[in-house]
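Understanding the architecture of this molecule
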Amino acid sequence: MQNFHFDPFEVLWQPDPAVPPTRVYSELYNSDAFLKAHRELQDSPPPPDCTRPRVVVGLMFWSDETHLTNFSAAKLWPLYMFFGNESKYRRAKPSLNLCHHVAYFEKPSDDFKDFVTSKFQGRLPPKSFMAYCKMEMFHAQWEVILDDELLDAIKNGIVLMCQDGIEWCFYIRIFTYSADYPEKVLIATIRNLGDCPCPHCLVTKDKLDQLSTEADVRTRTDEARRDDEGRHELVQEALSKIQHDGVALSGKVVDDLLKPQSLHPVMSAFSKRLKFVKFDIFSALVVDLLHEFELGVWKALFIHLLRILEASQKHAVLVHELDRRYRLVPAFGKTIRRFTLNVSEMKRKAARDYEDLLQVVAIPVFDGLIPNQKHNQVVISILSVCARWHALAKLRMQTDVTLQLLEDTTAQLGPPLKTGATATASSSTNNYYQTNWSSDSLSNGPGSSSFRHTSARGSPA
């Protein structure tokens, strides 16, 4: 445990003694959330007759349902766990085995669906019912994971003899849970792409196009989701009406209670089991840049750009030119590979491939391809802001200055998207072209939460 950080600390950078030091954010144990949890533990009364030093153990969870092969339906749904007291530079090395497989989730099987169909006299069960069953099953498994032994470790700690010959008492705290949007829906017990689709706040779907405006910033803070008694009472009332009064899952009675916040009538395992430590699962859900941006926002934007190129000139001439330009880009060190295949075909591309498409040469490759100069300038503006936002979001070390730059870049993202929607709305190229920006704009979808919440400094989980 020589690399295990027992005490959190702030990192300050002061290259010039005449200038105030700048706060640096790099590891979980440098964060405000960890420092707050540490202070709360040290200020709390210790167990009777216990004089051992006390330590916060920060847990970081990540889950992702995975399709194992291209030629079968075999899937796995693993849950991984990291210790946040270890440096991320060590956690990122597979040879150190610092990633722990905690569990493998199950979901309702096809046999279960057959059973339910037989109870419905041969009619297929409603999608809302199957979604409810999957969510209930997911949280039932989390209740097993959050067993009494773990809760005792959270409340009373675990005593371990360490290499220094001293017995330490380790108190477990859950800080982060990373997942893609479909799994965040399950974790947060909200409706998939409902009226309030964001797992962090109560922004409504019709206001997603206000990304980066002052109203959107206020919504993030003033209408943040909270796992409080009010939410518990709403869900419990809905459950009571379903189980005792026999009302329908997706009926008007339940919708009147839960639809304003896009909730499901499922009591979260985190609410049930971790209520005594005031754990808030919404503050623990962190942005997953891989799924939400690289395979979400940026991939969607790239597809839109391909459609625009196809609509701008017949016979896919511009798409072929795009492929040719990407193939001309040389490799860069060991990180950026050559684009040997046609990028427009989007075959066998992982998240890192889409990342390379953006961060390497997206701007010079697309520049001048679109015949309409106005539209070309809009595309270059959007690519520039996206590339800048992505670079800032993926910095391994952040400071107050870079976080402010990230906030500013987020604010700069909305106007180019709206300009793109306006510019193409009047285009006479064809309807396919006209709707590219307005129907599935970057700001309209689950991935938009990566823009809206990445730069937030967070709160203790």
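As a starting point, this report considers the structure included with it. (Residues numbered from 1 in each chain as written. Predicted model: local features only at pLDDT ≥ 70, side-chain atom pairs only at ≥ 80, totals over all residues. Heavy atoms only, no water.)

**Details of the overall build of the protein chain**
So the rule is basically this: Labels follow the DSSP assignment, with helices taken as runs of H or I lasting at least four residues and strands as runs of E lasting at least two, numbered in each case from the N terminus. We compute the radius of gyration from the C-alpha atoms alone; for a globule the expected value is 2.2 Å times N to the 0.38, where N is the number of residues. Working definition: with a 1.4 Å probe on protein chains only, accessible area under 20% of the residue-type maximum means buried, over 50% means exposed, and in between means partly exposed. Working rule for contacts: check all heavy atoms of both residues, and any pair within 4.5 Å makes them a contact. Within this scheme the basic residues Lys and Arg register as positive and the acidic residues Asp and Glu register as negative, but His and the chain ends are omitted. A single reference atom marks each charge: NZ on Lys, CZ on Arg, CG on Asp, CD on Glu.
Looking only at helices and strands, the protein chain features 19 helices and 11 strands. At 25 Å, the protein chain has a C-alpha radius of gyration in line with the 23 Å of a compact globule built from 461 residues. With respect to the three principal axes, the spread of C-alpha positions in the protein chain is 80 × 75 × 45 Å. Sorting the 461 residues of the protein chain into buried and exposed places 47% on the buried side. Nonlocal contacts in the protein chain, meaning residues at least 24 apart in sequence, comprise 65% of its contacts between residues at least 6 apart. The average position of the 54 basic charges and that of the 56 acidic charges among the side chains of the protein chain differ by 6 Å.

**Comments concerning the sheet that holds strand E2 (residues 22-25)**
So the rule is basically this: Any two strands between which DSSP finds at least two bridges are classified as paired.
Taken in spatial order, the three strands make up an open sheet running E1-E2-E11, and their pairing is antiparallel. Two strands close off the open sheet at either side, each with one partner strand: strand E1 (11-13) and strand E11 (398-399). Summarising the sheet, E2 and E11 pair through two bridges and their orientation is antiparallel. Looking at E11, one finds that tyrosine 25 is bridged to glutamine 398.

**A closer look at the packing of helix H4 (residues 127-145) against helix H6 (residues 181-188)**
Short version of the rule: To get an axis, fit a line to the C-alpha atoms, keeping to the stretch in contact for a helix; angles then go from 0 to 180 degrees between the N-to-C directions. Throughout this description, any angle smaller than 35 degrees is read as roughly parallel, any larger than 145 degrees as roughly antiparallel, any in the 65 to 115 degree range as roughly perpendicular, and the remainder as oblique. By the convention adopted, Pro, Cys, Tyr, Trp, Phe, Met, Ile, Leu, Val and Ala count as nonpolar, Lys, Arg, Asp and Glu as charged, and the other residues, Gly among them, as polar.
For the pair H4 and H6, the least separation of the axes is 9 Å and the interaxial angle reads 70°. Comparing their axes, H6 and H4 come out roughly perpendicular. Seen from H4, the contacting residues are Lys134, Met135, Phe138 and His139; seen from H6, they are Val185, Leu186 and Ile187. When grouped by side-chain class, the residues that make up the contact of H4 with H6 number five nonpolar, one polar and one charged.

**Considering the pattern of salt bridges**
We count it as follows: Salt bridges are defined as contacts in which a side-chain nitrogen from Lys or Arg sits within 4 Å of a carboxyl oxygen from Asp or Glu.
As enumerated under the stated definition, the model contains 20 salt bridges in all. Between aspartate 32 and arginine 23 there is a salt bridge, with its nearest N and O atoms 3.0 Å apart. With relative accessibility at 10%, the residue arginine 23 sits in the buried group. In this structure, the salt-bridge partner of lysine 134 is glutamate 65, at a minimum N-O distance of 4.0 Å. Of this pair, lysine 134 sits in helix H4 while glutamate 65 sits in the loop between strand E3 (54-63) and strand E4 (66-67), and the two are 69 residues apart along the sequence. The class for glutamate 65 is partly exposed, based on a relative accessible area of 25%. One continuous salt-bridge network, built from bridges that share partners, spans Glu10, Arg23 and Asp32.

**Here we look at the side chain of serine 344**
Note the threshold: For the purposes of these results, a polar contact is taken to be a pair of N or O atoms within 3.5 Å, where, inside protein, one atom must be able to donate a hydrogen and its partner to accept one; residues adjacent in sequence count only when each atom of the pair is a side-chain atom.
Along the chain, serine 344 turns up in the loop between helix H13 (317-327) and helix H14 (351-359). Side chain to side chain, serine 344 and aspartate 323 meet in a polar contact 2.8 Å long. Non-local contacts of serine 344, meaning those with residues more than four positions away in its chain, are made with Leu306, Val319 and Asp323.

**Things to note about the packing of aromatic side chains**
Any two aromatic rings considered together are summarised by their centre-to-centre distance and by the angle between their planes. What counts here: A pair of Phe, Tyr and Trp rings is counted when the ring centres sit within 6.5 Å of each other, with Trp represented by its six-membered ring. The angle between the planes then sorts it: under 30 degrees is stacked, over 60 is edge-to-face, the rest tilted.
Scanning the entire structure with this criterion turns up 22 aromatic pairs. Look at phenylalanine 61 and tyrosine 177: their rings are 6.3 Å apart centre to centre, the planes differ by 50°, and that puts the pair in the tilted class. Placement of phenylalanine 61 in strand E3 and of tyrosine 177 in strand E9 (residues 167-178) is noted, with a sequence separation of 116 residues between them. Taking 6.0 Å as the distance between ring centres and 45° as the angle between the ring planes, the aromatic pair formed by phenylalanine 270 and phenylalanine 279 counts as tilted. Overall, the relative accessible area of 1% leaves phenylalanine 270 in the buried class. One aromatic cluster is present, built from ring pairs that chain together Phe61, Trp77, Phe105, Phe138, Trp142, Tyr177, Phe270 and Phe279.

**Structural notes on H6**
Of all eight residues in H6, seven are buried; the element is thus mostly enclosed. Listed in full, the buried residues belonging to H6 are Tyr181, Glu183, Lys184, Val185, Leu186, Ile187 and Ala188. A positive phi of about 55° marks threonine 189, the residue just after H6.

**Side note on a nonpolar patch on the surface**
Here is the rule: What makes a patch is a set of residues exposed beyond 30% relative accessible area and free of salt bridges, joined within 9 Å when like-charged and within 5 Å when nonpolar (Val, Leu, Ile, Met, Phe, Trp, Tyr). To measure how exposed things are, a 1.4 Å probe is used in the Shrake-Rupley method; for residues, cover is taken only from the protein chains shown.
The grouping of Leu68, Leu76 and Tyr104 at the surface amounts to a nonpolar patch, some 290 Å² of accessible area in total. Looking at the element boundaries, leucine 68 is found in the loop between E4 and strand E5 (75-76).

**Notes on the nonpolar core**
Stated formally: Note on terminology: a nonpolar core comprises buried Ala, Val, Leu, Ile, Met, Phe, Trp, Tyr and Cys residues joined through side-chain atoms within 4.5 Å.
Counting residues in hydrophobic clusters, the biggest one holds 54 residues, and the most contacted among them are Trp142, Tyr177 and Phe270. The greatest single-element share of this core, amounting to six residues, is contributed by H4. Each residue touching tryptophan 142, except ones within four places of it in the same chain, is listed here: Phe61, Leu79, Phe105, Tyr177, Ala269 and Phe270. Residues Leu301, Leu322, Tyr354 and Phe366 belong to the second largest nonpolar core, which totals 41 residues.

**Re the side chain of threonine 219**
As for its placement among the helices and strands, threonine 219 is situated in helix H7 (residues 214-222). With sequence-adjacent residues up to four places away left out, threonine 219 is seen in contact with Cys201, Leu202, Val203 and Ala224.

**Points about unusual backbone geometry**
Backbone geometry places asparagine 97, a non-glycine residue, at a positive phi of 55°. Among the secondary structure elements, asparagine 97 is positioned in the loop between helix H2 (88-91) and strand E7 (100-104). Backbone geometry places threonine 189, a non-glycine residue, at a positive phi of 55°. Take threonine 189: it is sitting in the loop between H6 and H7.

**Here's the deal with the layout of surface pockets**
Basically, it comes down to this: Of the two site types, the cavity is a set of points on a 1 Å grid over the protein atoms alone where a 1.4 Å probe fits but cannot get out, and the pocket is an open set with protein on both sides within 12 Å along at least five of seven lines, each lined by residues with an atom within 4 Å of a point. Grid points are joined across faces, edges and corners, and a volume is the space filled by probe spheres set on the points.
Approximately 480 Å³ is the volume attributed to the second largest pocket. Glu65, Lys107, Pro108, Ser109 and Asp110 are, among the 15 residues lining the second largest pocket, the residues nearest its centre. Secondary structure elements with two or more residues in the lining of the second largest pocket: E5, helix H3 (110-119) and H4. Among the residues making up the lining of the second largest pocket, the classes are represented as seven nonpolar, one polar and seven charged.

**Concerning helix H12 (residues 289-312)**
Note the cut-off: To obtain the bend at a residue, axes are fitted to the seven residues ending there and to the seven starting there, and the angle between these axes is taken.
Largest kink in H12: about 35°, centred on lysine 299. You can read the cap of H12 off the contacts: a side-chain oxygen lies 3.2 Å from the backbone nitrogen of leucine 290, and it is on aspartate 288.

Everything listed is a geometric property; what it means functionally is a separate question.
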